[in-house]
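Observations on the three-dimensional arrangement
Listed below, chain by chain, are the residues.
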Amino acid sequence: MKLHSFQKYSHDLEAVVHDTWITSRVKSALALAEPSLAMQVHVKTHAGTVALSGRVITHKQCEQVVALARSVQGVVEIDARELLTHVFTPGSVPTAPNAEETAERRSPSSSRLDDK
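Let me sum up the structure you'll find in this document. (Residues numbered from 1 in each chain as written. Predicted model: local features only at pLDDT ≥ 70, side-chain atom pairs only at ≥ 80, totals over all residues. Heavy atoms only, no water.)

Quick look at the sheet that holds strand β2 (residues 49-56)
Rule in force here: Here, a strand pair is defined by DSSP locating no fewer than two bridges between the strands. Counting from the N terminus, the helices are the DSSP runs of H or I reaching at least four residues and the strands are the DSSP runs of E reaching at least two. Lines fitted to C-alpha atoms define the axes, with helix axes restricted to the stretch in contact, and inter-axis angles between N-to-C directions lie between 0 and 180 degrees. Every residue pair with non-hydrogen atoms within 4.5 Å of one another is taken to be in contact.
With mixed pairing, the 3 strands of this open sheet are ordered in space as β1-β2-β3. Either end of the sheet is taken by a strand with one partner, and the two such strands are β1 (41-46) and β3 (77-85). On average, each strand axis in the sheet is tilted by 10° relative to the strand beside it, whichever way the strands run. The pairing of β1 with β2 spans 6 bridges and is classified as antiparallel. Residue pairing in the sheet places T45 in a bridge with V50 of β2. Together, β1, β2 and β3 form the strand contacts of helix α3 (residues 59-70), whose direction differs from that of β3 by roughly 160°.

Details of α3
Filter applied, for reference: One fewer than the residue count of a helix, multiplied by 1.5 Å, yields its expected span. Here the term buried applies to any residue with accessible area under 20% of the maximum for its type, exposed to any over 50%, and partly exposed to those in between, with areas from a 1.4 Å probe on protein chains only. The directions from the helix axis to the C-beta atoms are what the arc is built from.
Along its 12 residues, α3 runs 17 Å from first to last C-alpha, staying within 8% of the 16 Å computed at 1.5 Å per residue. All of the buried residues along α3 are Q61, C62, V65, V66, L68 and A69. Each buried residue of α3 lies within a common arc of 165° when the element is viewed along its axis, so the set occupies one face. Opposite the buried face of α3, at more than 90 degrees from it, the exposed residues are H59, K60, E63 and R70.

In structure tokens:
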């Protein structure tokens, strides 16, 4: 009975070590490809499945991260559902105001400085 328990513990420990090794390899691949990717992307591995999360700037970087993770030996599957890109919706980027709007927005103290 104890031998069976020890073998199960040993197998579980081996799986954890293997997952940790895969996580380290994926993070290293990201850092070597582009150091900023390693800082932006979080990697977790469970039973050979690599879960990627975080935020990258472009969809191309997202594809690059997935390709790099897939290239690591021992990776069984990639879960990139939590890997997001910065998406700007219309209206979220401020537009430059018109000259008329700028004059109307000035505070009284700033217009006095212009008069001097």
